[in-house]
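Chain by chain, the residues:
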Amino acid sequence: MKIYSLLLAACLLAFPLFGCKNATTPTLSVPPASPVPIRGVWLPASDSDALFSRDNIRRMVDDCARYGINHLFVVTWTGGFTQYPSALMQRTFGKLIDPRFAGRDPLQEVIEEAHKRNIKVYAWFEFGFAADYSGTNAHILTQKPDWAARSADGSITTKNGFRWMNALNPAVQSFMLDLVNEVVSRYDVDGIQGDDRLPAMPTEGGYDADTKARYTQETGNTVPTNAQDAAWVAWRANQLTDFLRRLTALVKRTKPSCQVSSAPSVYPFSLTNYLQDWPAWVKNGSVDMVAPQIYRRDLTAYQNELNKIVNTQVSAAQKSLVVPGMLLKVGSYVAPDSLLRQQIGANRAAGLPGEIFFHYEGTRSRTSFFEAIYK
């Protein structure tokens, strides 16, 4: 079950409740910049045993408290399953919870243990609109074939092994809104987070009959065969931007204090590959926090991406919303102390309020560094 982290390594080497479509974005409860940075880690269900018992969760939380970590981004939706008992998933697909956690509620356990230590918990919807990986646990598209994203050749849209739902399908969007709302309404989470799969869809997708008909009706143009056609990319990206507005409005109606966060790919890669126009999300007030995945293994490459973000992609007033995602561990790679220290220094020099590390298990290989860096 380490396939997702191994896949990320390969990628790095290659370089609802129903929402109203026209809902306005609420005024977000963005906290002011704090002298104490946001210190976060992602907590996955693969390449980590942290969620596999209550004792492991306690150990993980104790580690994070010792390291000065104050935000946990805990996987809540991955591999076609929830990591909590979901009435929605039971109703829709007959899958109450990830089978690895049957009889437990890891999300609730993390919340209880983390809040004892004043650590905030964000529900991380890791898979977003991805249905499965290479057809493993393929119940979503097996039971709902009309939910599949389609490429120009009519095949199910697949990118880097992930098979995708159609993120522009109203039924799929409603399911995702319901899934997020189920968590926000049932659990004492401090925030929710999407990443490079929420809201997102590979640029190759959108060639199903209904989406093509909507595009033609709204624009008067025929859908181009070139998936990178600028107008076609922009139209689909705008559909996802509108979805995020509705998701944020729903979260704020349910729990106004709940923060809405996103961890997209770096821009413009995010737009040209996954239809994620996240600088627009920051500008239109759809997110309380954005954590671009600046997963780079040397300082120059990291600094180049950081410079683009703070100099051209967000305004000076919006920098307090930017919390870079930093690569700590993937597969057998663990970032060296020296690089981590330089990257954190670059974040501070740029005036950013903190960082989030992918992922927790890497802290266990860099114990002395994390015990010292935030003191």
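Up top you'll find the structure we're talking about.
Conventions we followed
- Residues numbered from 1 in each chain as written.
- Predicted model: local features only at pLDDT ≥ 70, side-chain atom pairs only at ≥ 80, totals over all residues.
- Heavy atoms only, no water.
- Helix = DSSP H or I, 4+ residues; strand = E, 2+ residues; numbered from the N terminus.
- Rg over C-alpha atoms; globule rule 2.2 N^0.38 Å.
- Buried < 20%, exposed > 50% of the residue type's maximum accessible area, 1.4 Å probe, protein only.
- Areas by Shrake-Rupley, 256 points an atom, 1.4 Å probe, with all protein chains shown as cover.
- Lys, Arg positive; Asp, Glu negative; His and termini not counted.
- Charge placed at Lys NZ, Arg CZ, Asp CG, Glu CD.
- Pairing = 2+ DSSP bridges.
- Core = buried A, V, L, I, M, F, W, Y, C linked by side-chain atoms within 4.5 Å.
- Contact = heavy atoms within 4.5 Å.

K.L.:
So what exactly am I meant to see when it comes to the overall build of the protein here?
P.N.:
When its secondary structure is counted, the protein shows 13 helices and 16 strands. Computed over its C-alpha atoms, the radius of gyration of the protein comes to 20 Å, within 12% of the 21 Å expected for a compact globule of 375 residues. Projected onto the principal axes, the alpha-carbon positions of the protein cover approximately 60 × 50 × 40 Å. Per-residue burial over the protein gives 60% buried out of 375 residues. If you sum the accessible surface of the protein, you get close to 14,000 Å²; carbon and sulfur atoms cover 53% of it. Looking at charge distribution, the protein has the averaged site of its 39 positive side-chain charges lying 2 Å from that of its 34 negative ones.

K.L.:
Mind showing me how you'd approach the sheet that holds strand β7 (residues 158-159) here?
P.N.:
Two modes of strand pairing occur in sheets, parallel and antiparallel, and in both the strands are linked by backbone hydrogen bonds. The sheet built from 3 strands is open, its strands ordered β6-β8-β7 with antiparallel pairing. Of all strands in the sheet, those bounded by a partner on one side alone are β6 (130-133) and β7. Pairing geometry for β7 and strand β8 (residues 162-164), over 2 bridges, is antiparallel. Each residue of the ladder has a partner; that of K159, found in β8, is F162.

K.L.:
Looking at this structure, I do not really get the nonpolar core. What am I missing?
P.N.:
Looking at soluble globular proteins, one finds that nonpolar side chains tend to be buried together. The biggest cluster of nonpolar side chains holds 121 residues, and the ones touching the most others in it are M60, W77 and I192. Of the residues forming this core, the biggest block, 10 residues, is contributed by helix α8 (residues 230-254). Not counting residues up to four positions away in its chain, the partners in contact with I192 are Y122, A123, F125, V180, V184, L247, V251, C258, Q259, V260 and S261.

K.L.:
So what exactly am I meant to see when it comes to the sheet that holds strand β12 (residues 293-294) here?
P.N.:
Strand order in the open sheet formed by 9 strands is β11-β10-β9-β5-β2-β1-β16-β13-β12, with parallel pairing between adjacent strands. Sheet topology places β11 (289-290) and β12 at the edges, where each strand pairs with a single neighbour. Where strand β13 (residues 325-327) lies against strand β16 (residues 354-358), 3 bridges are found, and the strand directions are parallel. Its bridge partner being in β16, G325 is matched across the sheet by I356.

K.L.:
I'm lost on the pairing of strand β9 (residues 191-194) in this one. Help?
P.N.:
Working note: regular strand, side chains alternate between the two faces of the sheet. Side chains G191 and Q193 project from β9 onto one buried face, and the interleaved I192 and G194 project onto a second face that is buried too. Across 3 bridges, the pairing between strand β5 (residues 120-124) and β9 is parallel. Looking across to β9, one finds that Y122 is bridged to G191. Note: β9 against strand β10 (residues 259-262), 4 bridges, orientation parallel. Its bridge partner lying in β10, Q193 is registered against S261.

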